[in-house]
Amino acid sequence: MPRQSTGRDPQDLLPLTPAMFHVLVALADGDRHGYAIIQDVSARTGGRVQLGTGTLYGIIKRLLADGLAIESKRRPAAGEDDERRRYYRLTPFGTQVVSAETARLEEMVHAARATRLWRKVKA
Amino acid sequence: MTRRPSIGARLYRAVLRLLPTDFHGDFGGAMAADVEAAGPRSAAFWWREIRSILAAVVREHADALRQDVRYGLRMMRRTPGFTAMAVLMLALGTGVNVAMFSIVDAVLLRSPFPRADELAAVRFSVKDRATSLVPVDRYHDLAAAPGPLTSVAAFGNGLHVLTGQGDPQNVDDIECFDPAMFDVLRTPPKLGRTFGPADDHPGAAPVIVLSYPFWRQLGGSDAILGSAITLNQTPVTVIGVMPSGFAGPLARGDVQGWLPRGRPVKSAENAGCRQTAALNLVARVRPGLSLASANAAMPPGFSLIPLASPIMDDVRTPFTVLMGAVACVLLIACLNVGGLQMERSLARRREIALRVALGASRSRLVRQTLTENLLLAFAGATAGLVATRLTLAAIVALLPGNVPYLDQIAVNGRVLALAIGAAAAAGLVAGLLPLAESRSVTPARDLSDASRASERRAGWARRALVVAEVALSIVVLIGAALMIQTFLTLRPSRPGFDPDNKLIMSVRLRGATPDGSEQFFAQLFERLRATPGIRGAEGSTYFPMGGNTAIASITIDGTPRDLLTNYTTPGFFHLLKIPLVAGRMFSAADARGSEPVLIVNEQLASRIRPDGRVIGHRVTVQSQGSNTVPIERTIVGVLANTRSSSVNTRPRDEAHIPYAQFPVISQWVVADALPGRHAEAMAGMRAAVRALRPDLVVADPRPMVNYLGERIATTRFGAWVLGALAALAVGVAAIGLAATIGWWVRQRTREIGVRIALGASRAGVTALVLRQGLTLAVVGIGVGCACAVGVTRYLTGWIYGVTPLDPGTFAGCAVLMLLVAAASVYVPVRQATSVDPVVALKAE
C-alpha cells in the first residue's frame, strides 16, 4: 500500500541514487512497464546505463513503498498486452521528489561551474 | 506460436526462484516478461541479467531478514516475562553444553601433535601375544628398516627421581625419550632446545627438558635455561621447556619433564633412565598411508595401533555420558520454550490470520517465527557463553588432576562454533513446534472465532511436549542417581576397608639388598610404633585402590594366571580392618626360613576351587622380576574382597605374601594415627625416616583418605556434574509442567467457575487440576524409565555398588519426580481454586 504523500517533505528522500533518479525520470513522461523503463534509461544515457531487471525491480519496490510511484491500471489493448507485465506511474509526491533532486543536482553543477576548475577545463 | 525458451532464459527463470517469495510473487512475472520482450538475446545480456538477479536475491533476503529481526525484537519486548524465561532456559541449556564441550574438545578431541592421524603405537607379538613392549634389539632392527614408517622412537618411565630444590620434592613423573621422539611427535620446544645425540649416551652431561606446568611450578622464568636442578643429588641442566599442552605420547597430565633415554642411571644416587630390555615405541606412518595398510607392510612380529592414552580411556566413558546428559538438558529447554511459544502463537492466532488475509505469504510467517526463535536462542547462547566463561575454571577444578590437557580447556573458536550450532538447533526446534500449529491458521475461521478445535489440538501437542520433558529429565535423574550412589560407595568412607586416620608414605630404598630392606623396614616400623600420636604401623607394597600393583603369575590346574600380588607385614590387614573369611592372618612366625605361605582374597579362592575352600591348598607363585624362581606356597587364609581399583571396580584376583618371605626395596608405610593428632604423627613419620637414613628423600606422608579421594576424582566429578544437570533438567521440566497446567486452567476458567458455582469444593477443584498435572508426570515417568532402561547400560564400568537397572533407584527417582510434579502444579492449583465464578462467567 503506498503511503500518503501529503505532508511529507521530498527533501527527506534526497539524495537519490543515480539509478533511482533515472527510473523516476523515465516515468516522468508517462506510464511505462519495466522493459520500457530499461530502454528509456539506456536511450537517455546513450547506452551507458543498462539497468538489469534485478536492480530495476529493487528500485520499483522502494518507489512503491515510499509512495513515489503506483501501479497503473491503464493497460494497452488485449492484443498487444502481456498480462504478466506491470505498468507504473509517477505520483504527485514522486514528481515533487524528482524535481527536488533535479534542483539539488543543478545547484551542485552550478557551484562546480563557478570554480576555476571549470574555466580551466573549458579553456 | 510458442518458441522454446533459450538456455539463458531458462537459467534466468531458475535464478528468479531464489528471490524471497513475496518479492517473486510481486515482480517475478513482470521480470520474466521484460527480458523475453525483445526476442532472442545474446549470452552477454543473459549474463548481465543473471548477475543483476543474484545481487537482488542477496539484497532482498537481507532486507527480509532485517525486517524479521526488527519484528522479532518487537515481539520479544512486548512480552518481557516470556523473553526472560526463554532466554534463561536456553542460556542454561547452551551454557552446560558449551562448558562440557570445552572440556571434551581439549581433552578428547584435539590432539596437541601435528598430523596426529599419522602417529601410532608399535606393538610386538611374542607367541601370538601382542604387547606394547618391544625388545631393544628388535627396536634397532625396526629403526634400521622402518618399512611404512617415516620415523620411530622409544620412550619409558624414568627411575623415581627426586629434586632437591628447597624442600625435597618428589619428581616421579619423568619420562625418558629418545632424542628422535620430539621429531616423531613434531613438537618443538617453547624455550631452549630438546636433546641431540650428544646428550644421549652414557658419558653425556645430564640434561632435562621440562614440561610447561612443571616449569611454571619452578618459577616460569626464561633464566632457568642453562641452570641446574638437582635430581637424586645429581645436578641436571635444564636445556629446554616444552610448550603448554605437550604431555608426551601418553598425554599424562602430570608429567614433569623428559630425560634422554640413552643416559643411564649409574648408581643409586644418579639421575637417568633405567635401561630396560624392552621399550615402548611411537611411530609416524608415511603420509597418505592408512593404519591398516601400514600394518600390512610392517615387518613380521610388529603391529601398529592408534596412539591413545590409557587415561583417555578412563575418561572417555564419563565424558560421553556427560555430553549425552547436557544434550538432554538443552533438548528439555528447547521443548519448554517450544511449548511456551505454542501458547503464544495460539494467542496470536487472530493476528496471524489477519496478516494471511492481508496477503502475507505463509513462508514469510515461517521465516518470522523462526527468526524470532533464533533470536531467543542466540540471546540465550550468548548468555550461556558468558556464564561458561565465568564458571569454567571452577568446573575444571573439579576434574581429576591426571586428566590430560586441563590447561588447554578454554572457550575457543570450536567451542564458539558449537554454541552457534546449538543455538541454531535450539531455535529451530523451539520455532518449528509452534509452526506446526500455526500451519492450520485459516483466516475465514480464525478471524471469526478463537477456534476451540485448534486450542484442543494445541493442548494435546503441548502435553506431549511436557511428557517428553519429564521423560528426558528422569533419564538424566536416574543416571545421576546411579552416579551419586557410586560416588557414595566409592567414597573413602566405604571402600571395603577402613582408611580413616591412616597416614601413608611411600619409601623406596634405591639399590638396597633384600636383607638391607628387611632390616630397614623392621627398624622403621619399630620406631613408628613408638612415635607419639601413632597407634600402629604396618607396611605393604600395595593397598586397595592405591594404584601401585605388582603382578605375579600363579599356576592353577597347570595354567598360569596373572594376579595382583602384595607383600605385607603381618598386621597389615588388621590395621586396615579387612575381614578374614577363613584361615589365619600372617604372623611374625612367617619368616624367610619358614614354610612359604599365601593369603588369597575370596575372588581368587573361588577361582582356585569353586567352593572356595582353599585353606591348606598349595599353589605355585612366580613373582615378577628377572631372577625370581617359582615358589610353592600353602594358602593359610582367605580375605574378604576389597576394591582393587578406583575406576574399574570389579574385585580382582589378589594374593598376599609375607614381606619377610619376599623383601622388596619399596613399601607403602601405613601408620594408624590417633584422631586429631595427624600433624604430629606425620612429623613423627618424617623424623623416623630421617633418624634411620638422613640421606633418604621421601615424599611427605599424607592421609590415605585424601589420596583415595584423588583416585576417585573422575567419579566425584561425574556425580557432581550429573547431579547438577539432573537438578537443572528436573527444574526446567517442572517449569514446563507448571506452565502447561497453568494454561490448561486458564482455558477452563469458565468450566471451573461453573463447577464452583454448582458447589464444587476447593478440594474437588484441587484434585481436578492435580490429576491433570500428575497424569502427565506419570506418563512422562513411564516413558522416561523405559528409555533409561536402554540408556543406563552405557554407565556400566563407571558405576559401582549398584546395577544399571537398580529397581530402588528407578523407583526413588520416579517418586522424586512425582513429588516435584505435584509441587510444580501448586501455582496452577492456587489459580484454579481462586477462580471467582461470577467473574469467570461474565468474562465469556
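Predicted model, so just to flag it, every value in this text is computed and none were measured. (Residues numbered from 1 in each chain as written. Chains lettered and ligands numbered in written order. Predicted model: local features only at pLDDT ≥ 70, side-chain atom pairs only at ≥ 80, totals over all residues. Heavy atoms only, no water.)

## Comments concerning the pattern of salt bridges
In the structure shown here, the tally under the stated rule is 38 salt bridges over all chains. Put simply, B:Asp63 and A:Lys61 hold a salt bridge, and the shortest N to O gap is 3.1 Å. One end of the pair, B:Asp63, is in helix H3 (residues 43-78); the other, A:Lys61, is in helix H3 (residues 53-66), on a second chain. For B:Asp672, the salt bridge goes to B:Lys502, with nearest N and O atoms at 3.9 Å. Placement of B:Asp672 in strand E24 (residues 666-673) and of B:Lys502 in strand E15 (residues 502-508) is noted, with a sequence separation of 170 residues between them. Summarising the burial analysis for this pair, B:Asp672 and B:Lys502 share the class buried. Overlapping salt bridges, with partners in common, bring together A:Lys61, B:Arg59, B:Glu60, B:Asp63 and B:Arg66 in one network. (Salt bridge = Lys/Arg side-chain N within 4 Å of Asp/Glu carboxyl O. Helix = DSSP H or I, 4+ residues; strand = E, 2+ residues; numbered from the N terminus. Buried < 20%, exposed > 50% of the residue type's maximum accessible area, 1.4 Å probe, protein only.)

## A look at the packing of aromatic side chains
Aromatic ring pairs are defined here through the distance separating the ring centres and the angle between the ring planes. Residues and elements named next belong to chain B. As enumerated under the stated definition, the model contains 20 aromatic pairs over all chains in all. With centroids separated by 6.3 Å and ring planes inclined at 25 degrees, the aromatic side chains of Phe-521 and Phe-525 adopt a geometry described as stacked. Of this pair, Phe-521 and Phe-525 are both found in helix H15 (residues 514-529), 4 residues apart, which corresponds to roughly one turn of the helix. Look at Phe-521 and you get buried, because its relative accessible area is 1%. Residue Phe-525 is classed as buried on the basis of its relative accessible area of 4%. Chaining the aromatic ring pairs together yields one cluster made of Phe-113, Phe-177, Phe-182, Phe-195, Phe-246 and Trp-258. Taking NZ or CZ as reference, Arg-793 lies 5.0 Å from the ring centre of Tyr-794, over its face. (Phe/Tyr/Trp six-rings, centres within 6.5 Å; stacked < 30°, edge-to-face > 60°. Lys NZ or Arg CZ within 6 Å of the ring centre and 35° of its normal.)

## Points about the interface of chain A and chain B
Listed by partner, the interface residues are 19 residues for chain A and 24 residues for chain B. Note on chain A versus chain B: buried area summed over both sides is about 1600 Å², and carbon and sulfur give 52% of it. For the pair chain A and chain B, the number of links is 4 salt bridges. Across the salt bridge formed by B:Glu60 and A:Lys61, the nearest N and O atoms sit 2.4 Å from each other. Summed over the shared surface of chain A and chain B, the result is 12 residue pairs in polar contact (both at pLDDT 80 or more). For the side of chain A that touches chain B, the leading source of residues is H3(A), giving 8 residues. (Contact = heavy atoms within 4.5 Å. Buried area = accessible area lost by both parts, 1.4 Å probe. Polar contact = N/O pair within 3.5 Å; in protein donor to acceptor, adjacent residues only side chain to side chain.)

## A few points about a nonpolar patch on the surface
Side chains of B:Phe378, B:Leu416 and B:Ile420 sit close together on the surface and give an oily, nonpolar patch of about 250 Å² of accessible area. For B:Ile420, a relative accessible area of 47% translates into the label partly exposed. (Patch = residues over 30% accessible without salt bridge, like charges linked within 9 Å, V, L, I, M, F, W, Y side chains within 5 Å. Areas by Shrake-Rupley, 256 points an atom, 1.4 Å probe, with all protein chains shown as cover.)

## Quick look at the sheet that holds strand E2 (residues 69-72) of chain A
Consider a sheet: its strands pair through backbone hydrogen bonds, and that pairing is either parallel or antiparallel. Residue and element names in this part refer to chain A. What the 3 strands build is an open sheet, ordered E1-E3-E2; its pairing is antiparallel. Each edge of the open sheet is held by one strand with a lone partner, namely strand E1 (32-33) and E2. For E2 and strand E3 (residues 87-90), the ladder comprises 4 bridges, and the chain directions are antiparallel. Counted as the bridge partner of Ser-72 is Tyr-87 from E3. (Pairing = 2+ DSSP bridges.)

## Focus: the side chain of B:Thr371
Residue and element names in this part refer to chain B. Mapped onto the secondary structure, Thr-371 falls in helix H11 (residues 362-397). Judged by relative accessible area, which is 11%, Thr-371 ranks as buried. Ignoring sequence-local partners within four residues, the contact set of Thr-371 consists of Leu-65, Asp-68 and Val-69.

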